[in-house]
2 protein chains.
Amino acid sequence: MNIPSKYIEESVDQLSSLPGIGKRTALRLVLNLLNRSEEEIERFANAFISMKKNVKKCSCCGNVSDLEMCTICLNPRRNKSQICIVEDIRDILAIEATESYLGVYHVLGGIISPMDGVGPSDLNILPLIERLKTESINEIIFALSATMEGDTTNYYLYKKIVPFSIEVTSLSRGVSVGSELQYADELTLSRSLLHRQPFQVI
Amino acid sequence: MNIPSKYIEESVDQLSSLPGIGKRTALRLVLNLLNRSEEEIERFANAFISMKKNVKKCSCCGNVSDLEMCTICLNPRRNKSQICIVEDIRDILAIEATESYLGVYHVLGGIISPMDGVGPSDLNILPLIERLKTESINEIIFALSATMEGDTTNYYLYKKIVPFSIEVTSLSRGVSVGSELQYADELTLSRSLLHRQPFQVI
């Protein structure tokens, strides 16, 4: 694309640096921005600058927060002895939306992925070990992605947690609720069969 | 979504104000930005502010430009008596990419669309009439979208141009090059049949 303005080109470059946004989409978005007033553009741009300046990481679990600690860690009604390990804040939002978990979280900020150059030292793992040493924890719940990287990370963490003799569980994997059996992939179906559970009348 | 930071929420709101970006996508993009350095965020944000401050509209055709007039209008080798009417700059980029047009453009900045509240007075039409009065124009080429709104706008412009007795043409419509006939929609196919052309050996 031969954009006739270096300023538009720079904006397109910046927007297309975001994951999943190509040059064409970026140009469409930039032209939409260009039609807005100067105040609107400043509000748009300043949102990101003030976010970067003000958003902190919770000193306990690594969740994003406007305060030193996040609202979940500060909540006295949450069960502090149960820690759910997640990859990032979006997983917390998903689990919180179920309204069926009352423990606290620990945000890794990613998963071990040698292909992307992410090793254990890039993740929020040392503070987790510190929590295990200083707090009284009963259960660790692994809630990472059901991928090879997620499994690798689970295994790495498990090795670190074993010495503390804490119960370690992971989210159950199986056929999705509401989905038809014939469309489940083979691996999911075979795991689902292997980990079959006693029938419960709900 | 119950985002635990009002700064992140504001950034998500700003990004999801762009067309085609939902709240979930915006959150994914915002978390990507949050992992960047403060300098990178400032470069990201300032790109939009300096774009808004510096990008001008070409005083002749309405194309975006860093100067008072765009590079196409300033180019002495372009045929100034042939004007191609387009909706926005992306259409210019598409036509320029064909390298088969040597005239100049006129950018409307949209098309007449009562559903979206866009009327003729919101478009760059008066300056076009002014060009017809003052410049010596031989041909106007309609290159708007092949939609009902595009056709409405073509008709409106045609009525305005008729008094000047200038040749008015529009892009040919028909079956796309390289596409199979059976997949063409009925309207395109019937138009294509109606406007059939003398066979040419290329």
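Residues numbered from 1 in each chain as written. Chains lettered and ligands numbered in written order. Predicted model: local features only at pLDDT ≥ 70, side-chain atom pairs only at ≥ 80, totals over all residues.

Caption draft 1: Representation of helix α1 (residues 6-15) of chain B. For α1 of chain B, the full list of buried residues reads Y7, I8, S11, V12, Q14 and L15 of chain B. The arc enclosing the buried residues of α1 of chain B, seen along the axis, measures out at 160°, which places them on a common side. (Buried ≥ 20, exposed ≤ 12 C-beta atoms within 10 Å, placed from the backbone. Helix = DSSP H or I, 4+ residues; strand = E, 2+ residues; numbered from the N terminus. Arc of directions from axis to C-beta.)

Caption draft 2: Quick peek at the interface of chain B and chain A. At the junction of the two partners, chain B supplies 43 residues and chain A supplies 43 residues. Listing elements by their share of the side of chain B that touches chain A, those giving two or more residues are α1, α2 (23-34), α3 (38-54), β2 (64-65) and α5 (89-98) of chain B. Sorting elements by how many residues they give to the side of chain B that touches chain A places α3 of chain B first, with 13 residues. Here the side of chain B that touches chain A is composed, by residue class, of 23 nonpolar, 11 polar and 9 charged. (Contact = placed C-beta atoms within 7 Å. Nonpolar A, V, L, I, M, F, W, Y, C, P; charged D, E, K, R; others polar.)

Caption draft 3: Up close: the relation of the copies chain B and chain A. Least-squares fitting of chain B to chain A yields an RMSD of 0.2 Å, with the superposition described by an axial translation of 0.1 Å and a rotation of 179°. As the rotation angle and translation indicate, the two copies are arranged about a two-fold axis. The C-alpha atom lying nearest the rotation axis in chain B is that of A45 of chain B; the distance is 2.2 Å. Comparing interface residues between copies, 100% of those in chain B also sit at the interface in chain A, which points to an isologous, same-surface contact. (Least-squares fit on C-alpha atoms with pLDDT ≥ 70 in both.)

Caption draft 4: Here's a closer look at helix α7 (residues 148-161) of chain A. Residues and elements named next belong to chain A. Along its 14 residues, α7 runs 20 Å from first to last C-alpha, staying within 8% of the 20 Å computed at 1.5 Å per residue. Residues of α7 that are buried include every one of T153, N154, L157 and I161, and no others. Around the axis of α7, the buried residues are gathered within 105° of arc, so they sit on the same side. Residues of α7 that are exposed and point more than 90 degrees away from the buried face comprise M148, Y155 and K159. Those residues of α7 that are buried lie in contact with β3 (79-86), α6 (126-134), β5 (139-142) and β6 (167-170). (Expected span 1.5 Å × (residues − 1).)

Caption draft 5: Fine view of the sheet that holds strand β4 (residues 103-107) of chain B. Residues and elements named next belong to chain B. Strand order across the open sheet formed by 4 strands is β4-β3-β5-β6, with parallel pairing between neighbours. Two strands bound the open sheet, and with one partner strand each, they are β4 and β6 (167-170). Direction aside, neighbouring strands of the sheet carry axes that sit 25° apart on average. In the sheet, strand β3 (residues 79-86) pairs with β4 via 5 bridges, with the strands oriented parallel. Paired with N79 across the bridge in β4 is G103. Of the strands in this sheet, β3, β5 (139-142) and β6 touch helix α7 (residues 148-161), which is tilted by about 170° from β6. (Pairing = 2+ DSSP bridges. Axes fitted to C-alpha atoms, helices over the stretch in contact; angles between N-to-C directions.)

Caption draft 6: Region of the structure containing unusual backbone geometry. Residue and element names in this part refer to chain B. Although it is not a glycine, E99 sits at a positive phi angle of roughly 55°. By secondary structure assignment, the location of E99 is in the loop between α5 and β4. Accessibility expressed as a C-beta count within 10 Å gives 7 for E99, which makes it exposed. One non-glycine residue with positive phi stands out, namely S165, at about 40°. Inspection of the secondary structure puts S165 in the loop between α7 and β6.

Caption draft 7: Spotlight on the packing of helix α1 (residues 6-15) of chain A against α3 of chain B. Contact geometry for α1 of chain A and α3 of chain B: axes closest at 9 Å, N-to-C directions at 155°. Between α1 of chain A and α3 of chain B, the angle is such that the two are roughly antiparallel. Classified by chirality, the crossing of α3 of chain B by α1 of chain A is left-handed. Judged by residue contacts, Y7, I8, E10, S11 and Q14 of chain A of α1 of chain A engage F44, A47, F48, S50, M51 and N54 of chain B from α3 of chain B. The class makeup of the residues in the contact of α1 of chain A with α3 of chain B is 6 nonpolar, 4 polar and 1 charged. (Parallel < 35°, antiparallel > 145°, perpendicular 65-115°, else oblique. Left-handed = near helix turned anticlockwise from the far one by under 90°.)

Caption draft 8: Structural view of the sheet that holds β3 of chain A. Residue and element names in this part refer to chain A. Read across the open sheet, the 4 strands follow the order β4-β3-β5-β6; overall the sheet is parallel. Each edge of the open sheet carries a strand with a single partner, namely β4 (103-107) and β6. This sheet shows a mean twist of 25° between the axes of neighbouring strands, independent of strand direction.

Caption draft 9: Seen up close, the confidence of the model for chain A. Looking at chain A, pLDDT values average 90 and 100% of them are 70 or higher. The complex model carries a pTM of 0.79, and its ipTM stands at 0.81. (pLDDT = per-residue confidence, 0-100.)

Caption draft 10: Inspection of the pairing of β5 of chain B at higher detail. Residue and element names in this part refer to chain B. Bridge count for β3 against β5 is 4 bridges, and the pairing is parallel. Of the residues in β5, the one forming a bridge with I83 is I140. As paired strands, β5 and β6 are joined by 4 bridges and run parallel to one another. When the bridges of β6 are listed, E139 appears paired with E167.

Caption draft 11: Quick peek at the packing of helix α3 (residues 38-54) of chain A against α3 of chain B. Here α3 of chain A crosses α3 of chain B at 180°, and the two axes come no closer than 9 Å. Here α3 of chain A is positioned roughly antiparallel relative to α3 of chain B, judged by the angle of their axes. On α3 of chain B, the residues touching E38, I41, E42, F44, A45, N46, F48, I49 and K52 of chain A of α3 of chain A are E38, I41, E42, F44, A45, N46, F48, I49 and K52 of chain B. When grouped by side-chain class, the residues that make up the contact of α3 of chain A with α3 of chain B number 10 nonpolar, 2 polar and 6 charged.

Caption draft 12: Molecular detail of the environment of E9 of chain B. Structurally, E9 of chain B can be placed in helix α1. Sequence separation between E9 of chain B and V30 of chain B is 21 residues; the distance between their C-alpha atoms is 9.3 Å.

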